[in-house]
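The chain contents come next:
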Amino acid sequence: MENKSFVAQWVYTDTVKDHFMNPRNIWKDDEDFSADGMGEVGSLACGDQMRVGIKVKDGKISDLRWLTYGCASAIASTSMMSEMAIGMSLEDAYHLTPDMITSALGGLPEHKFHCSVLGDKALRAAIDDYLEKNGLPNPYKNSTAKILCECKGVTDVQIEALVKSGKCLTFEALSAETGCSTACGKCKNRIIEALEEFRHIYSK
């Protein structure tokens, strides 16, 4: 007898299926692709890991390749991200969001939404790497920051950096380092959600 509840969990749009079965711009083993910038996020321990390499010309992403270890959503969302990013200015590419990628795919199951987060973060990391390697300023990083703790002015970008460095992997450590959630405390749930997301992306 068919388990209808199980089948429902695996319903994807035709666009997701297409990008999963026929991923675009994937980095092939025998391909000589010399990236101007490289970004890698995720962890095999958590199940998803992505690497993105970009070529840049005249301030735009002229080409992109990627490798992903993960589920169908992770593969499809990274494939879609690659199509969207090629031809974009660095600024526009830096501001690609999970919602934009998911919308272009026609939606993802709610429990799979986190998979799309890695594609945009790997792309940002590749742009960061390109700008740093070439001694160029990075005006985009702060423009994407969201204040999660208004009392202390703590942003998601700060939390991401602290988790990525391994300095703050618990709420207690993060609170002690930044002072977040030590005043009114209304931000605690937002802080914990961000912390869990970044731990998923950067934990080894």
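Since the model is a prediction, treat every value here as computed from it, not as a measurement. (Residues numbered from 1 in each chain as written. Predicted model: local features only at pLDDT ≥ 70, side-chain atom pairs only at ≥ 80, totals over all residues. Heavy atoms only, no water.)

Colleague: Teacher, can you tell me more about the overall build of the chain here?
Modeller: Looking only at helices and strands, the chain features nine helices and five strands. Counting every position in the chain, which comprises 204 residues, the buried fraction comes to 45%. A separation of at least 24 residues holds for 59% of the contacts in the chain among residues at least 6 apart in sequence. Of the roughly 11,000 Å² of accessible surface on the chain, 50% is carried by carbon and sulfur atoms. (Helix = DSSP H or I, 4+ residues; strand = E, 2+ residues; numbered from the N terminus. Buried < 20%, exposed > 50% of the residue type's maximum accessible area, 1.4 Å probe, protein only. Contact = heavy atoms within 4.5 Å. Areas by Shrake-Rupley, 256 points an atom, 1.4 Å probe, with all protein chains shown as cover.)

Colleague: What is the right way to read the packing of aromatic side chains from this model?
Modeller: By convention here, two paired aromatic rings are described through the distance between centres and the angle between planes. In the structure shown here, the tally under the stated rule is two aromatic pairs. Both rings, one in W27 and one in F33, keep their centres 5.3 Å apart while their planes meet at 75°; by these two values the pair is edge-to-face. Since its relative accessible area comes to 13%, W27 is described here as buried. Residue placement shows K55 over the ring face of F33; its charged tip is 5.0 Å from the ring centre. (Phe/Tyr/Trp six-rings, centres within 6.5 Å; stacked < 30°, edge-to-face > 60°. Lys NZ or Arg CZ within 6 Å of the ring centre and 35° of its normal.)

Colleague: In this structure, what is going on with the pattern of salt bridges? I would like to understand it.
Modeller: A side chain with one charge may pair with a side chain of the opposite charge, provided their charged atoms come close. For the coordinates displayed, the defined rule picks out 10 salt bridges. Note that E31 is salt-bridged to R65, the shortest N-O span being 2.8 Å. Separated by 34 residues along the polypeptide, E31 in the loop between α2 (14–21) and β1 (37–43) and R65 in strand β3 (residues 60–69) bring together distant segments of the chain. Given the relative accessible area of 27%, E31 is considered partly exposed. The salt bridge involving R124 is made with D120; its shortest N-O contact spans 3.8 Å. Here D120 and R124 lie together in helix α6 (residues 114–133), a separation of four residues that amounts to about one turn. (Salt bridge = Lys/Arg side-chain N within 4 Å of Asp/Glu carboxyl O.)

Colleague: Would you mind showing me how to read the nonpolar core here?
Modeller: The nonpolar side chains of soluble globular proteins are, as a tendency, buried together. Grouped together as the largest cluster of nonpolar side chains are 50 residues, with contacts concentrated most on V52, I54, I61, L64, L123, I127 and I191. For I191, the contacting residues outside a window of four places in its chain are L148, C149, I159, F171, L174 and C180. (Core = buried A, V, L, I, M, F, W, Y, C linked by side-chain atoms within 4.5 Å.)

Colleague: Got a minute to help me understand helix α3 (residues 72–85) in this structure?
Modeller: Residues spaced three or four apart along an α-helix face the same direction, because each turn holds 3.6 residues. In this model, α3 (14 residues) spans 20 Å end to end at C-alpha, consistent with the 20 Å of a helix rising 1.5 Å per residue. The buried count for α3 comes to 12 of 14 residues, which makes it a mostly enclosed element. Positive backbone phi, at 95°, marks G87, one or two positions downstream of α3. (Expected span 1.5 Å × (residues − 1).)

Colleague: So what exactly am I meant to see when it comes to the side chain of S77 here?
Modeller: By secondary structure assignment, the location of S77 is in helix α3. There is a polar contact of 2.8 Å between the side chain of S77 and the backbone oxygen of S73. (Polar contact = N/O pair within 3.5 Å; in protein donor to acceptor, adjacent residues only side chain to side chain.)

Colleague: What exactly am I supposed to notice about the environment of T155 here?
Modeller: Mapped onto the elements of the fold, T155 is located in strand β5 (residues 154–155). Taking relative accessible area as the criterion, T155 reaches 14% and is therefore assigned buried. When residues no more than four places from it in sequence are discounted, the contact partners of T155 are A145, K146, I147 and L148.

Colleague: What is the right way to read unusual backbone geometry from this model?
Modeller: Negative phi values dominate among residues other than glycine, just as trans dominates among peptide bonds. You will see that N25, though not glycine, has its phi angle at about 60°, which is positive. Tracing the backbone through its elements, the reader meets N25 in the loop between α2 and β1. The phi angle at D58 is positive, at roughly 55°, despite the residue not being glycine. Looking at the element boundaries, D58 is found in the loop between β2 (48–57) and β3. Its relative accessible area of 73% is what places D58 among the exposed residues.

Colleague: Explain the packing of α3 against helix α5 (residues 98–105) here, please?
Modeller: The description of two helices packed together rests on the angle between their axes and the distance between the axes. Axis separation between α3 and α5 bottoms out at 9 Å; the angle between their running directions is 100°. The angle between α3 and α5 falls in the class roughly perpendicular. Contacts between α3 and α5 involve A76, S77, M80, M81 and M84 from the first element and M100, I101, A104 and L105 from the second. (Axes fitted to C-alpha atoms, helices over the stretch in contact; angles between N-to-C directions. Parallel < 35°, antiparallel > 145°, perpendicular 65-115°, else oblique.)

Colleague: Sorry, what's going on with the side chain of S175 here?
Modeller: Residue placement: S175 occurs in helix α8 (residues 171–178). Not counting the four nearest positions on each side in its chain, S175 is found in contact with C180 and T182.

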